[in-house]
Amino acid sequence: MSALPGTIVPVARRAVSFQRQTGAYYTCPEAALAMAEWVLGNGARTALEPSFGDGAFVHALRAAAEKRAGGEVEVFGAELVAETYDKALSTCILDPSHAHLGDFLAWDVPTVDAVIGNPPYVRLRNAAKDQCSRALAVSARELGAPMETGGSVWMPFVLHAARALASGGRMALVLPFDLTYVRYARPLWRWLGAAFGGLRLARVHQRIFPEILQDVVVLYADRRGGQTDHVRFDAFASVDDFLHGSPLHRSDVSIAAVGGGERALMRALLPCELLADLDGPLARASVPVRSRCAFNIGYV
Ligand SMILES: C[S@@+](CC[C@H](N)C(=O)[O-])C[C@H]1O[C@@H](n2cnc3c(N)ncnc32)[C@H](O)[C@@H]1O
């Protein structure tokens with residue numbers, strides 16, 4: 001519901017819509033460091049953060065680089081919101097010549113060895129018109145077909161960021177759990193399988209973002225320029241288990257199945273006995289709800 005003319009919009013409500021339009025939810029530093037150690041783990045010297053926000057991943061990259069011999073990493077980054085950009089740069093985390101103020105999707109990104117970040121999860125219909133057009137253009141360029149307009153900006157971010165990667169490079173991104181099942185992401189899965197030699201997805205049951213109602217996964221894409229037919233799916237009970245690399249459950253899931261819309265990643269989280277019941281007696285005694293009614297996801 002929009003405010004009546006002359007009504008002062010409370011700060012809390014303005015903040016909510018600002019967050020919705022820019023996707024400004026920041027990552028916890030421990031998770032950022034674990035991801036940074038992984039992306040730099042093959043000796044990367046240059047890295048890109050597509051939407052650096054308060055700089056959690058830039059700090060993590062510097063901390064991870066310091067832990068290894070050599071201690072240096074050259075970091076490039078973009079940020080859309082001028083106030084956020086200025087605040088981050090005032091702490092000298094990025095050389096201004098390596099920073100882009102504006103839409104990441106409009107940036108002719110330099111080639112790097114590593115990509116890391118947590119892109120905005122903004123529905124195309126909530127993005128500014130020019131950003132929405134660029135998001136559609138980037139997706140069409142990489143996927144060879146138009147992206148569904150019901151999708152979200154994180155997907156063209158993945159494609160544009162991966163384009164910046166040198167051969168053999170690594171990418172680690174925090175992405176919405178939707179990646180595992182939404183229809184608009186199916187072409188992305190096929191693209192990822194044809195663009196990387198190794199794919200891993202980490203799901204943490206405990207929330208990495210305690211302040212928002214958004215389930216996330218971490219995508220680890222290794223060896224840019226290679227190919228793979230499966231994604232390793234690790235489920236962790238807690239952030240601590242994630243940090244210690246101790247999954248509760250691990251499985252290899254076929255990219256063809258995920259890209260084909262079989263919800264294979266969702267099924268991979270279910271116990272074998274439940275799957276046997278779902279595919280056996282329950283399947284015989286029921287019909288899929290979608291065969292009787294249509295669902296529309298969104299808000300009014
Ligand atoms: C989910 S936050 C993540 C910030 C930081 N990467 C982190 O993990 O803490 C998303 C950030 O993307 C920025 N942003 C939104 N749209 C953008 C765009 N089109 N280009 C660059 N940055 C964008 C927001 O201002 C926000 O700082």
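All values reported here derive from a predicted model rather than from experimental measurement.

Peer 1: Looking at this structure, how should I read a nonpolar patch on the surface?
Peer 2: The grouping of Leu274, Leu278 and Leu282 at the surface amounts to a nonpolar patch, some 230 Å² of accessible area in total. Mapped onto the fold, Leu282 is located in helix α12 (residues 281-284).

Peer 1: Could you clarify how one ought to interpret the sheet that holds strand β5 (residues 165-176) in this entry?
Peer 2: Note on sheets: strands pair through backbone hydrogen bonds, and any given pair is parallel or antiparallel. One open sheet holds the nine strands; their spatial order is β3-β2-β1-β4-β5-β7-β6-β8-β9, and the pairing between them is mixed. Looking at the sheet topology across the chains shown, the edges are occupied by β3 (99-101) and β9 (249-254). When the angles between neighbouring strand axes are averaged without regard to direction, this sheet yields 15°. The pairing of strand β1 (residues 46-49) with strand β2 (residues 74-79) spans four bridges and is classified as parallel. Bridge pairing links Ala47 to Val75 in β2. Strand contacts of helix α4 (residues 82-89): β2 and β3, with the helix running at about 155° to β3, the strand carrying the most contacts.

Peer 1: For this particular structure, what's the right way to read the nonpolar core?
Peer 2: Nonpolar side chains tend toward joint burial in soluble globular proteins. Residues Trp154, Met171, Trp189 and Phe196 are the most contacted members of the largest nonpolar core, which totals 93 residues. Considering each element in turn, this core owes the most residues, seven residues, to helix α6 (residues 154-163). The residues touching Phe196, leaving out its near neighbours within four places in the chain, are Ala162, Leu165, Gly169, Met171, Trp191, Ala221, Asp222, Arg223, Arg224, Gly226, Gln227 and Thr228.

Peer 1: Mind showing me how you'd approach the pattern of salt bridges here?
Peer 2: A side chain of one charge can pair with a side chain of the opposite charge if their charged atoms are brought near each other. Scanning the model with the defined rule gives 14 salt bridges in all. Asp130 is the partner of Arg134 in a salt bridge, and the nearest nitrogen-oxygen pair spans 3.4 Å. With a gap of four residues between them, Arg134 and Asp130 both fall in helix α5 (residues 129-143), about one helical turn apart. Among the ionic pairs, Arg170 bridges to Asp222, the shortest N-O distance being 3.0 Å. On the criterion of sequence distance, the pair formed by Arg170 in strand β5 and Asp222 in strand β7 (residues 216-224) is long-range, its members being 52 residues apart. The pair formed by Arg170 and Asp222 is uniform in burial state, with each residue classed as buried. Salt bridges here are not isolated pairs; linked through shared partners, they connect Asp103, Asp130 and Arg134.

Peer 1: What exactly am I supposed to notice about the packing of aromatic side chains here?
Peer 2: One pass over the full model with this rule turns up six aromatic pairs. Ring plane angle 35° and centroid distance 5.9 Å describe the contact between Phe52 and Tyr85, whose orientation is recorded as tilted. Of this pair, Phe52 sits in the loop between β1 and α3 (56-67) while Tyr85 sits in helix α4, and the two are 33 residues apart along the sequence. Each ring, one from Phe104 and one from Phe157, has its centre 5.1 Å from the other, and the planes form 45°; the classification is tilted.

Peer 1: Whenever I open this one, the packing of α6 against helix α7 (residues 186-195) confuses me. Can you help?
Peer 2: Axes are the key here: two packed helices are described by the angle between their axes and the distance separating the axes. Contact geometry for α6 and α7: axes closest at 11 Å, N-to-C directions at 15°. Here α6 is positioned roughly parallel relative to α7, judged by the angle of their axes. Between α6 and α7 the crossing geometry is left-handed. Contacts between α6 and α7 pair Trp154, Met155, Val158, Leu159 and Ala162 from the former with Leu188, Trp191 and Leu192 from the latter. Of the residues belonging to the contact of α6 with α7, the class tally is eight nonpolar, no polar and no charged.

Peer 1: Explain the side chain of Arg68 to me, please; I cannot follow it from the model alone.
Peer 2: Relative to the assigned elements, Arg68 resides in the loop between α3 and β2. Notably, Arg68 is buried but unbridged: the nearest opposite-charge side chain belongs to Asp113, and the N-O separation is 7.3 Å. A distance of 3.1 Å separates a polar side-chain atom of Arg68 from the backbone oxygen of Leu40. In this structure the side chain of Arg68 is engaged in a polar contact, spanning 3.1 Å, whose partner is the backbone oxygen of Glu72.

Peer 1: How do you make sense of the environment of Pro187 when you look at a structure like this?
Peer 2: Within the secondary structure, Pro187 sits in helix α7. The exposure class assigned to Pro187 is partly exposed, which follows from its relative accessible area of 30%. Each C-alpha atom of the pair Pro187 and Gly261 lies 9.9 Å from the other, and the pair is 74 residues apart in sequence.

Criteria and cut-off values
- Residues numbered from 1 in each chain as written.
- Predicted model: local features only at pLDDT ≥ 70, side-chain atom pairs only at ≥ 80, totals over all residues.
- Heavy atoms only, no water.
- Patch = residues over 30% accessible without salt bridge, like charges linked within 9 Å, V, L, I, M, F, W, Y side chains within 5 Å.
- Areas by Shrake-Rupley, 256 points an atom, 1.4 Å probe, with all protein chains shown as cover.
- Salt bridge = Lys/Arg side-chain N within 4 Å of Asp/Glu carboxyl O.
- Helix = DSSP H or I, 4+ residues; strand = E, 2+ residues; numbered from the N terminus.
- Pairing = 2+ DSSP bridges.
- Axes fitted to C-alpha atoms, helices over the stretch in contact; angles between N-to-C directions.
- Contact = heavy atoms within 4.5 Å.
- Core = buried A, V, L, I, M, F, W, Y, C linked by side-chain atoms within 4.5 Å.
- Buried < 20%, exposed > 50% of the residue type's maximum accessible area, 1.4 Å probe, protein only.
- Phe/Tyr/Trp six-rings, centres within 6.5 Å; stacked < 30°, edge-to-face > 60°.
- Parallel < 35°, antiparallel > 145°, perpendicular 65-115°, else oblique.
- Left-handed = near helix turned anticlockwise from the far one by under 90°.
- Nonpolar A, V, L, I, M, F, W, Y, C, P; charged D, E, K, R; others polar.
- Lys, Arg positive; Asp, Glu negative; His and termini not counted.
- Polar contact = N/O pair within 3.5 Å; in protein donor to acceptor, adjacent residues only side chain to side chain.

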